[in-house]
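Examination of the molecular architecture
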Amino acid sequence: MARANDEVSALFQEYADLISITGGDAFRARVYEKAARAIGGHHADVSQLDVKGLQEIPGVGKSIAEKVIEYLGSGRVSAVEELRARIPAGVRRLTTIPSLGPRKALMLYEELGISSIDELADAIHEERLRDLKGFGPRTEEKLLHGIDLLRASGRRVLVDVATDLAEEVVAALSEVSGVQRCEYAGSLRRGRETIGDIDVLVTARRAGPVMRAFTELPYVSEVIAHGEKKTSVRTDRGLAVDLRVVPPDSWGAALLYFTGSKAHNIRVREIAVHQKLKLSEYGLFDAESGKKIVSRTEEDVYARLGLPWIPPTLREDRGEIEAGLRDELPDLVTEADVRGDLHTHTDLTDGLASLEDMVAAAAERGYAYYAITDHGPDLYMQRMTDERMLAQRERVHKLKAKRMRLLHGVELNIAPDGGVDWPEEFLDGFDLCVASVHSHFDQGRAALTRRLVRACENPYVNIIGHPTTRLIGKRPPIDADLDEVFAACARTGTALEINAHPDRLDLGDEHILRAKRHGVRFAIDSDAHAVPHLANLRHGVATAQRGWLTKDDVINTWTLTRLRRFLRKGRS
DNA sequence: GCCGTTTTCGGCCCGACTGTTTTCAGTCG
């Protein structure tokens with residue numbers, strides 16, 4: 001069962017799309033889009049709010065609040081139903097085809113009765129689009145190609161794949177003569193958990209050479225658009241890359257614009273408009289004279305608008321503008337703040353590297369402490385026993401790591417009833433215990449909630465590992481009442497993990513925001529099963545930043561003394 | 001439909017590229 005906020009958010013997003021398709025007021029569509037986002041990201045459960053409470057959500061006025069109430073009461077909103085009756089759901093699906101927007105989708109439906117992607121493909125093959133205004137032969141080609149792409153994949157990719165490609169592109173373009181600066185921006189710079197395409201920004205006096213070099217990169221499979229200032233390509237990695245070239249002194253304004261998010265940009269530009277200014281990727285200008293005011297750095301642009309520099313990971317219009325205006329932006333946790341990794345594996349269970357190799361690699365990263373947490377015996381395939389675990393502890397105690405303290409821990413398995421692998425006497429021998437759900441994902445909401453809460457109440461469980469167990473794009477999160485779990489964590493002194501593996505990133509940013517409001521502490525862990533995985537921590541840190549976390553929120557930025565006190569969890 | 005340092009009405013971000021247009025609409029980010 002989805003959270004009421006998510007259901008309402010999806011409904012208003014649909015309504016906004018339907019307004020656009022039916023040619024309704026574009027501003028009205030935008031208002032519903034904004035409200036959808038605001039409600040989706042709102043901390044409080046909208047099903048517990050009245051009209052007045054709802055109207056306190058930014059972008060929600062009387063009319064939208066009443067629609068929320070209507071939906072919660074009856075499961076439907078008559079205004080939405082009316083548009084649904086006019087426009088089949090398949091028409092909205094048409095707009096997921098690249099290059100096909102709401103206007104053309106409506107024309108296809110009204111003129112030709114096309115209401116699904118299959119029907120559109122048939123109509124093109126039967127040459128029925130030929131008489132339609134605005135649809136020429138190139139458009140037909142593009143639509144067919146767009147349909148192929150959509151059917152092939154068209155999905156977002158994980159952040160590690162995108163990071164690798166982005167770094168390759170930036171390295172290659174930085175070598176081109178005449179290129180002064182080159183960086184990736186977009187959702188990757190904002191640290192989003194999945195990436196739809198990569199945006200690369202270059203400053204150069206002449207764009208030609210770098211554009212040419214870009215389209216000739218070996219992994220470019222297709223050039224989508226090729227202009228003087230902007231070029232878009234598809235790559236054989238399943239990701240599109242946009243390159244934008246701007247004059248050197250536009251760097252700051254361009255980086256701000258190209259980093260987004262779209263919603264953040266709109267807010268910032270609105271602030272500019274209110275000050276009789278105009279902000280574009282070329283700079284901040286006086287609206288009347290057109291004279292450029294600032295553009296060299298992001299700091300310059302924000303400062304002229306009365307804002308501090310806003311970290312890219314916060315730029316989602318989730319309150320960062322308001323916080324910035326009040327000068328109350330959080331001092332975000334950074335990778336350099338992390339003093340140790342508290343969830344890692346070795347080849348004693350399903351890791352690939354030896355204890356010694358993992359510890360050496362961790363020391364190399366400059367950690368002050370490092371926990372080894374192999375799987376407990378309840379994950380049967382790992383063949384863990386008391387003897388093997390105690391023997392590992394001996395090895396850990398004997399192993400000397402330069403300036404780094406080793407902690408011997410375990411990743412326990414949270415059983416369907418909330419119990420864990422060992423009794424308290426045995427758990428007492430560990431420096432810390434991570435506990436995670438690895439099976440029975442479909443118990444139902446009440447049972448899963450009880451299961452996690454009971455794990456929190458175990459006095460030896462310090463960290464709930466990958467709390468929702470989702471695998472991005474593969475396995476959905478478990479259905480538990482997370483607010484109840486968050487409250488239990490705060491009450492019992494149990495930290496929630498931000499698992500930094502790119503497949504997981506669990507908790508995700510929105511859950512982190514909610515958990516933080518409950519007063520929960522977090523651990524950013526790599527869950528490394530091999531030496532290279534230790535470096536995944538950066539993705540966990542980015543996710544933590546997106547959840548507005550500071551050093552103080554994250555237990556593995558603390559000194560060992562403070563961490564040990566937390567790990568005692570009120571035990572004597 | 002929302003909102004307010006141009007306030008209760010009249011605005012609502014801005015520019016690049018494409019394809020089909022003879023001057024611009026649609027789409028995208």
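Residues numbered from 1 in each chain as written. Chains lettered and ligands numbered in written order. Predicted model: local features only at pLDDT ≥ 70, side-chain atom pairs only at ≥ 80, totals over all residues. Heavy atoms only, no water.

**Thoughts on the overall build of chain A**
Condition: By definition, any uninterrupted DSSP run of H or I lasting at least four residues is a helix, any uninterrupted run of E lasting at least two residues is a strand, and each is numbered from the N terminus. We compute the radius of gyration over the C-alpha atoms and compare it with the globule rule, which gives 2.2 Å times the number of residues raised to the power 0.38. For the exposure calls, accessible area comes from a 1.4 Å probe over protein chains only, and a residue counts as buried if that area is under 20% of its type's maximum, exposed if over 50%, partly exposed in between. In this description, contact between two residues means that some pair of their heavy atoms is separated by no more than 4.5 Å. Reported accessibility uses the Shrake-Rupley method at a 1.4 Å probe radius. Residues are deemed covered only where the shown protein chains occlude them. Residues scored as positive are Lys and Arg, those scored as negative are Asp and Glu, and His as well as the terminal groups of each chain are ignored. We put the charge of a Lys on NZ, of an Arg on CZ, of an Asp on CG and of a Glu on CD.
When helices and strands are tallied, chain A shows 24 helices and 17 strands. Relative to its length of 572 residues, chain A is compact, with a C-alpha radius of gyration of 26 Å against a globular reference of 25 Å. Over its C-alpha atoms, taken along the principal directions, chain A stretches across nearly 80 × 65 × 50 Å. Put simply, chain A has 572 residues, and 52% of those count as buried. Sequence-distant contacts in chain A: of pairs separated by 6 or more residues, those separated by 24 or more amount to 68%. Carbon and sulfur atoms make up 49% of the accessible area of chain A, which amounts to about 26000 Å² in all. Side-chain charges of chain A comprise 80 positive and 88 negative groups, with the mean position of each set lying 4 Å from the other.

**Notes on the protein's contact with DNA strand B**
For the record, the criterion: Nearness is defined per residue: one heavy atom within 4 Å of the molecule or strand is enough. Polar contact is defined as a pair of N or O atoms within 3.5 Å, subject to the rule that within protein one atom must be able to donate a hydrogen and the other to accept it, and that residues adjacent in sequence are counted only when both atoms are side-chain atoms.
In the vicinity of DNA strand B, 49 residues are found, and the nearest of them are Arg30, Gly101, Gly136, Arg138 and Arg269. In DNA strand B, the atoms that sit within 4 Å of the protein are 72% sugar and phosphate, with bases accounting for the remainder. Ser99 places a main-chain nitrogen or oxygen 2.7 Å from a phosphate oxygen of DNA strand B. At 3.1 Å, a backbone N or O of Lys104 approaches a phosphate oxygen of DNA strand B. Elements with a contribution of two residues or more to the surface near DNA strand B: helix H2 (26-40), helix H4 (62-74), helix H7 (102-112), helix H9 (137-152), strand E5 (220-226), helix H14 (262-274) and strand E8 (277-280).

**Focus: unusual backbone geometry**
Ser261 follows Gly260 through a cis peptide bond whose omega is -5°. The residue Ser261 is located in the loop between helix H13 (251-259) and H14 in this model. Residue Asp506 is joined to Leu507 through a cis peptide bond whose omega torsion reads 5°. Structurally, the position occupied by Leu507 is in the loop between strand E16 (495-499) and helix H22 (509-517).

**Remarks on empty space enclosed by the protein**
Quick reminder of the rule: We place a 1 Å grid over just the protein atoms. Points where a 1.4 Å probe fits but has no way out form a cavity, open points with protein on both sides within 12 Å along at least 5 of 7 lines form a pocket, and any residue with an atom within 4 Å of a point lines it. Grid points are joined across faces, edges and corners, and a volume is the space filled by probe spheres set on the points. Think of it as three bins: nonpolar holds Ala, Val, Leu, Ile, Met, Phe, Trp, Tyr, Cys and Pro, charged holds Asp, Glu, Lys and Arg, and polar takes everything else, Gly as well.
One pass over the structure, following the stated rule, counts 1 cavity of 30 Å³ or more. Quantified by volume, the largest cavity comes out at close to 50 Å³. Ala253, Leu256, Tyr257, His264, Asn265, Val268, Arg269, Leu279, Ser280 and Glu281 together form the lining of the largest cavity. Residue assignment for the lining of the largest cavity shows that the elements contributing at least two residues are H13, H14 and E8. Looking at which element gives the most residues to the lining of the largest cavity, the answer is H14, with 4 residues. Among the residues making up the lining of the largest cavity, the classes are represented as 5 nonpolar, 3 polar and 2 charged.

**Concerning the packing of helix H21 (residues 482-492) against H22**
The following threshold applies: What counts as an axis is a line fitted to C-alpha atoms, over the stretch in contact for a helix, and the angles between N-to-C directions run from 0 to 180 degrees. Small angles under 35 degrees read as roughly parallel and large ones over 145 as roughly antiparallel, with 65 to 115 read as roughly perpendicular and the rest as oblique. We call a crossing left-handed when the near helix sits turned anticlockwise from the far one by less than a right angle, and right-handed when that turn is clockwise.
Running from N to C, H21 and H22 cross one another at 50°; their axes reach a closest spacing of 9 Å. Of the possible angle classes, the one that applies to H21 and H22 is oblique. Viewed along their axes, H21 and H22 form a crossing whose handedness is right-handed. Touching Leu482, Asp483 and Phe486 of H21 are His511, Arg514 and Ala515, all from H22. Among the residues making up the contact of H21 with H22, the classes are represented as 3 nonpolar, 1 polar and 2 charged.

**Digging into the packing of aromatic side chains**
For the record, the criterion: Aromatic pairing here means that ring centres of Phe, Tyr or Trp (its six-membered ring) are within 6.5 Å. Orientation follows from the plane angle: under 30 degrees is stacked, over 60 is edge-to-face, and everything else is tilted. A ring has a charge above it when a Lys NZ or an Arg CZ is no more than 6 Å from the ring centre and no more than 35 degrees off the ring normal.
Following the criterion strictly, the structure yields 7 aromatic pairs and no others. Taking NZ or CZ as reference, Arg237 lies 4.9 Å from the ring centre of Tyr219, over its face.

**What to know about the layout of surface pockets**
Counted as a void, the second largest pocket has a volume near 420 Å³. Taken together, 19 residues form the lining of the second largest pocket, with Tyr184, Leu188, Arg189, Thr313 and Ala542 sitting closest to its centre. When residues of the lining of the second largest pocket are traced back to their parent elements, those giving at least two are helix H10 (159-174), helix H11 (186-189) and helix H23 (537-546). Per-element tally for the lining of the second largest pocket: the top contributor is H23, with 6 residues. For the lining of the second largest pocket, a count of residues per class yields 8 nonpolar, 7 polar and 4 charged.

By themselves these figures say nothing about function.
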